[in-house]
Each structure stands twice: as C-alpha cells, then as structure tokens.
Amino acid sequence: MNPDRSLLLVILAAVAAALLLKAVLWRLVRAAVRSGPWLLPRIAGWPAWTPAILLRSWLKAGYPGPYAVLAARFAPTSFTGLPLTLTCLAALYAAALLGGLIDDLREAEGLVLLDQGVNAFFAPYRTPWLVGAFIWITALGAGPAVTGMVAVASVLLWSQGQARLLVPLWITFLGAQGTTWAGKYAIGRTRPAFLDAVTEATPSFPSGHATASAALIGFLAYVAARGLPGARQRFEVAFWSAAAIGLICFSRIFLSLHYLTDVAAGVLVGTFWLLVGFTVAELGRRPVP
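Computed from a predicted model, the values in this text were never measured in an experiment.

Caption draft 1: Region of the structure containing helix α8 (residues 166-187). Here α8 contains 22 residues, and its C-alpha end-to-end distance of 31 Å stays within 8% of the 32 Å for a straight helix at 1.5 Å per residue. All of the buried residues in α8 are L166, P168, L169, T172, F173, G175, A176, T180, G183 and K184. Looking at the buried side of α8, the elements it contacts are α7 (143-159), α9 (208-226) and α11 (260-285). Following α8 by one or two positions, G188 has its phi on the positive side, about 65°.

Caption draft 2: The arrangement of the packing of α8 against α9 in detail. Put simply, α8 and α9 touch, their axes get as near as 10 Å, and they point 170° apart. On the basis of the axis angle, α8 is roughly antiparallel to α9. Facing P168, L169, T172, A176, Q177, T180 and K184 of α8, the residues of α9 in contact are G208, T211, A212, A215, L216, F219 and L220. Here the residues of the contact of α8 with α9 sort into eight nonpolar, five polar and one charged.

Caption draft 3: Here's a closer look at the packing of aromatic side chains. All told, the structure shown has 16 aromatic pairs when counted by the stated rule. Arranged with centres 5.1 Å apart and planes meeting at 85°, the rings of F121 and F122 form a pair that is edge-to-face. You can call F122 buried: its relative accessible area is 15%. Taking the centre distance of 6.3 Å and the plane angle of 20° together, the rings of W181 and Y185 count as stacked. Separated by four residues within a single helix, W181 and Y185 lie in helix α8, roughly one turn from each other. When its relative accessible area of 39% is taken as the criterion, W181 is described as partly exposed. One aromatic cluster is present, built from ring pairs that chain together F121, F122, Y125, F134, F250 and F254. Lying across the ring of F254, R126 places its NZ or CZ 6.0 Å from the centre.

Caption draft 4: Just unusual backbone geometry, in detail. Note the cis peptide between F205 and P206, where omega equals -5°. Tracing the sequence through the fold places P206 in the loop between α8 and α9.

Caption draft 5: Broad picture of the side chain of H258. Of note, H258 is situated in the loop between α10 (231-254) and α11. At 2.9 Å, the side chain of H258 and the backbone oxygen of S204 are in polar contact.

Caption draft 6: A look at the environment of L260. Considering the arrangement of structural elements, one finds L260 in helix α11. Overall, L260 belongs to the partly exposed group, its relative accessible area being 32%. Along the primary structure L260 and C249 are separated by eleven residues, whereas in three dimensions their C-alpha atoms are 9.1 Å apart. Not counting the four nearest positions on each side in its chain, L260 is found in contact with L114, D115, V118 and I253.

Scoring rules and cut-offs
- Residues numbered from 1 in each chain as written.
- Predicted model: local features only at pLDDT ≥ 70, side-chain atom pairs only at ≥ 80, totals over all residues.
- Heavy atoms only, no water.
- Helix = DSSP H or I, 4+ residues; strand = E, 2+ residues; numbered from the N terminus.
- Expected span 1.5 Å × (residues − 1).
- Buried < 20%, exposed > 50% of the residue type's maximum accessible area, 1.4 Å probe, protein only.
- Contact = heavy atoms within 4.5 Å.
- Axes fitted to C-alpha atoms, helices over the stretch in contact; angles between N-to-C directions.
- Parallel < 35°, antiparallel > 145°, perpendicular 65-115°, else oblique.
- Nonpolar A, V, L, I, M, F, W, Y, C, P; charged D, E, K, R; others polar.
- Phe/Tyr/Trp six-rings, centres within 6.5 Å; stacked < 30°, edge-to-face > 60°.
- Lys NZ or Arg CZ within 6 Å of the ring centre and 35° of its normal.
- Polar contact = N/O pair within 3.5 Å; in protein donor to acceptor, adjacent residues only side chain to side chain.

What follows is the structure, given as structure tokens:
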C-alpha cells in the first residue's frame, strides 16, 4: 500500500478514535453526575464508615481546635474546603512526579533508552506533508502564539468586566514560562537529532511548548467553561482543549524536537501552574469564610 495512503488511513482512524473516546467519556461523566444523588447517601451509610465517625466524634470532643481546622479543610460545600485541599494535593503530586522524573532521567538508563526508542519509532512516518502539518500544529504552542493568546485573553477579560481573572492568568503564564526556562538551563539536556525542516536553539528539558499549552490552554478552557450553563458544554470545552494540548505535545515528539520525557515534564510543569492559577481565580471568586 502507498505510504501516504497508509498515513491518511491512520489519521482517519485517530480522528474516529477521538470521537469515540469523546462519546464514551461523556456517557461516563453523565452517568456519574446522574448517579451522585442516589449513590452518595448509600456510601455514607456503609458500616465501614463507623470507625471514621467514632474518630471524628472523639476528635471533636477532645480536640476542638484541630478538629475545626480539619473540618474546614474537608468541607465539600466551599472551595476553601475539600476542593482547595484536593487542588493543593494535585499540585504537590505534579511537583513530586516532576522531581522523580528528573532524578530518573539522570540515573535510569532505561528511561533514556525509552526516549530514544520512541523518537526512532516515528522516523519512518516523518513524510514531508505530515511534517508540514505538524509544524503548523506545533506553532500553536510557540512563544509568539502563546504570548498573543495571553494578550488577546487579557483584553477580552478586561472588556467583559472580568479583570480579576487577569492576575491568575498572568500568574499561570509567567510562572510556567519562568519554571520552564529555569529548568532548561539548569538541566541543559541536548535535543534529539533535528529534522531538516525544523530546528531549536534552546536545551530540551522540559518542553516549553508542552508547558505553555498545558498551562495556558488549560486556564483559558477553565475561564470559558466556568461561564457555560450546562455540563455538556463544559465537557466539550474540556475535551477539545485537552485534544489541542495533546496534539501540540505530540507534535514536539513527532518532529524530533523533544524526547517523550521532555514533553511529560512540560505537561507536569504546566499542570502545576494551571492549578495555581485556578486556585487564585477561585479564591478571588468566593469570599473566604
């Protein structure tokens, strides 16, 4: 079979798989939302919760101060309760994963071999037309593009009376950029062999495109979704934003501009700063009790 035709079939199959995944995920989300009012009371009534209830009563009676702090941290009805606790834990987890990835990259030869194997796997598929398509996609995560996104978003937020979102937007953007550039020159990893069509001058780890897309597109998706009335609309924004981030990240590997671990590290950095920006935005949205 003609290689170009094979690649076209692969692309069509990937699009079909993405649409199928979207349909499946939406049904799972809808089922979870609908089953919540029925399921939660039954979970709360499980006998397995009895020791936890007794422990809570003991803490409340014997240590009212610490109990009040813990109760505030796990209150589900306020962002400063359980949502903030889970967000902070997720950010710390992303930071821990990044630290572990850096340590493994320095010490684990298998991880380096994995990077090289993934890069070599895509070599036969780097045809001129497909390289050209991914060059266009990867440009969406480049410095000029993300800076333009931030500038346009800032003007729109200001003009629509949402100026309080400017601070978390810029915290997300500048924090992600600063961490990425500091990491690049602190680690100084050499990039994979370049293709003739594309080159980069900066060190490889972490991927700035992956960081910027995860942080900025993620934050803009949050801003767009929070104003939508229905769960389906918010799901569509989240899914297609994640798809755009995934395409930009994949383009860096396909174009041999980054290794897999560079992109993974960039996503972790971007996720961390996305969670920071989200937290700042939500704290500004709701008064702290």
